[in-house]
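What the coordinates show
Each chain is listed here by its residues.
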Amino acid sequence: MGVISVQLVVTMVMACVIQKIIPHYSFARWLLCSGSLRWYQHPREDELRSLAGKHQKGGKNKKDRKYNGHIDNKPLTIPKDIDLQLETKCIAEVDTLALHYFPEFQWLVDFTVAATAVYLITELYFCLAEPSGEMNISVVWSLLVLAFVIKILFSLTAHYFKLEEGGERSLCITFAFFFFVKAMAILIVTENYLEFGLETGFANFSESAVQFLENQGLESQGPISKLTFKLILALLCSLIGAFLTFPGLRLAQMHLDALTLNTGKVTQTLLHINFLAPLIMVLLWVKPITKDYIMNPTLGKESVPLMSEKTYDTLRLWAILLLCILRLAMMRHHLQAYLNLAKKGVEQMKKEAGRISTVDLQKMVARVFYYLCVIALQYVAPLVMLLHMTLLLKTLGGHSWGIYPEDSSSPCIVNEDSQAATLGQGEAQGTQTVAQLSVALGGLRTVFTPLLFRGLLSFLTWWIAACLFSTSLFGLFYHQYLMAA
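Here's a quick rundown of the structure. Since the model is a prediction, treat every value here as computed from it, not as a measurement.

Reading the values: rules and limits
Residues numbered from 1 in each chain as written. Predicted model: local features only at pLDDT ≥ 70, side-chain atom pairs only at ≥ 80, totals over all residues. Heavy atoms only, no water. Helix = DSSP H or I, 4+ residues; strand = E, 2+ residues; numbered from the N terminus. Buried < 20%, exposed > 50% of the residue type's maximum accessible area, 1.4 Å probe, protein only. Contact = heavy atoms within 4.5 Å. Patch = residues over 30% accessible without salt bridge, like charges linked within 9 Å, V, L, I, M, F, W, Y side chains within 5 Å. Areas by Shrake-Rupley, 256 points an atom, 1.4 Å probe, with all protein chains shown as cover. Salt bridge = Lys/Arg side-chain N within 4 Å of Asp/Glu carboxyl O. Axes fitted to C-alpha atoms, helices over the stretch in contact; angles between N-to-C directions. Parallel < 35°, antiparallel > 145°, perpendicular 65-115°, else oblique. Nonpolar A, V, L, I, M, F, W, Y, C, P; charged D, E, K, R; others polar. Phe/Tyr/Trp six-rings, centres within 6.5 Å; stacked < 30°, edge-to-face > 60°. Lys NZ or Arg CZ within 6 Å of the ring centre and 35° of its normal. 1 Å grid on protein atoms, 1.4 Å probe; cavity = no way out; pocket = protein on both sides within 12 Å on 5 of 7 lines; lining within 4 Å. Points joined across faces, edges and corners; volume = space filled by probe spheres on them. Polar contact = N/O pair within 3.5 Å; in protein donor to acceptor, adjacent residues only side chain to side chain.

Attention now moves to the side chain of S142. The residue S142 is located in helix α5 (residues 138-161) in this model. Relative accessible area serves as the criterion here: at 1%, S142 is assigned to the buried category. Once you skip the residues sitting within four places of it in the chain, S142 turns out to touch Y119, H388 and L392.

Here is the structure:
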């Protein structure tokens, strides 16, 4: 119990940090209120009245008319080509109180920071202390992060789905069916092209489950058939694709606006790499394009092996983490590009003829800022999904963060697997209930092996990146060509 208490102490300390410290030193609040983001304030009505008076040249500003003793209050209208200059202001903490979904954004970002800190501490603990047969509690934290991400994406998608006008519901359903068909097509591709290890993992899971049931005195041909497994996986992929539809479309629009806003070559290069980051992640699992050429490049007439398969898996994990860090670093440019939509909308309005009511103009400008956290969630949620899916892939899949030679292996995972029987013997010296629980957990560990998690989590990580790039590419085509036409 002394060894287990180390992770429990880390968990309790982090829970206290979340409750007591993070509300005062919030990373999510710092992302918005650090002074780097400026939002456009909506014009006051008296300012619009004074500007409208310049255009009307002695016309009546009073819009009240009396009909049968009743006063008809008509809203004040102004010409669309009015000389209006919006004022900017840095986002302050008091301004965040009016933002929609700010509590959800703050909770997701701050909890992700806490969960990532727990993961780093437990990884250091496992690599230094090398505990035998102990469950890594950071897995629970990562699963909680993914659960919160799915919940928030579901609420955002439900918000779009409830809209009667605009076509959001049809777009969501269309992409859900598209990703279902795409997932079914991907799942029939052989391992020679897409190297997930899903077939090997499922075969190992079926054999281990049959053996486990036979040890319990039960006869079974397997817990689930391969067709049913792939059908359930395709339905899950369709749901993930539907959740990532609007984040991908929004990312494409912010990418185009950020390129217009930032003219520096270095910044534009980083923005392009950030946009192509999901494609790079997708190609990391395409065996003929990346793995074969990186592991065994052809030099002259011979192919020289540069690295082992374990080293390539480690480099793939590091590449995903670096691309996630780049996406976080480019967040400010994308959010500022979104906030500039208020100014862009006013400039577009000035080119139109006619009049607009002051209330509609104020709503048009204010709406951009009030939905900032919705856009921030659409930007951060896929990033958090990719990050913690990768962390789960490393921990549950038996990978390592270090680049080792061919004959080396991950110390943390090997100790966990090879000493599972020792754990059962040690726990058998305690009470009978603890012994039975240890045997049950040991049996489940033989069923849910690292091979299964490696194949399943590799596929899900690849699928999240593929969905995000597909929707972003469609959004780029829509905003750059269809909207322009």
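A cluster of nonpolar residues, F474, F477, Y478, Y481, L482 and M483, forms a patch on the protein surface that exposes about 610 Å² of accessible area. Locating L482 in the fold gives a position in helix α20 (residues 450-482).

Side chains bearing opposite charge may pair, as long as their charged atoms lie close to each other. Tallied over the full model, the rule gives 11 salt bridges. In this structure, the salt-bridge partner of K394 is E123, at a minimum N-O distance of 2.6 Å. With K394 in helix α16 (residues 372-396) and E123 in helix α4 (residues 102-129), the pair connects residues that are 271 residues apart, well separated along the chain. The pair K394 / E123 is uniform in exposure class, with both members buried. For E199, the salt bridge identified is with K226, shortest N-O distance 3.1 Å. In this pair, E199 sits in helix α7 (residues 198-215) while K226 sits in helix α8 (residues 226-243), placing the two residues 27 residues apart along the sequence. When its relative accessible area of 29% is taken as the criterion, E199 is described as partly exposed.

Quick look at the packing of helix α14 (residues 341-350) against helix α15 (residues 358-370) now. At their nearest, the axes of α14 and α15 sit 8 Å apart, and the two run at 150° to each other. The orientation of α14 relative to α15 falls into the category roughly antiparallel. Residue-level contacts link L341, A342, G345, V346 and M349 of α14 to L361, M364, V365 and V368 of α15. Its residues placed into classes, the contact of α14 with α15 shows 8 nonpolar, 1 polar and no charged.

This part is about the packing of aromatic side chains. Per the stated rule, a full pass over the model turns up 21 aromatic pairs. Centroid distance F175 to F178: 6.3 Å. Interplanar angle 85°. Geometry classified as edge-to-face. With a gap of 3 residues between them, F175 and F178 both fall in helix α6 (residues 168-187), about one helical turn apart. The partly exposed category is assigned to F178, whose relative accessible area is 41%. The structure contains a cluster of three or more aromatic residues connected by ring pairs, namely F175, F178, F179, F196, F459, W462, W463 and F474. Across the ring face of F161, the terminal group of R169 is positioned such that the distance to the ring centre comes to 5.2 Å.

Turning our attention to empty space enclosed by the protein. Summed over the entire model, instances satisfying the criterion amount to 5 cavities of 30 Å³ or more. In this structure, the largest cavity occupies an estimated 100 Å³ of space. Sorting elements by how many residues they give to the lining of the largest cavity places α7 first, with 3 residues. Of the residues in the lining of the largest cavity, the class split is 9 nonpolar, no polar and 3 charged.

Before going further, it helps to spend a moment on helix α13 (residues 331-339). Among the 9 residues that make up α13, 8 are buried, leaving the element largely enclosed by the rest of the structure. Three or more residues of α13 are buried, namely M331, H333, H334, L335, Q336, A337, Y338 and L339.

In this fold, S400 is placed in the loop between α16 and α17 (411-418). Among the polar contacts made by the side chain of S400, one reaches the main-chain amide nitrogen of G402 at a distance of 3.2 Å.

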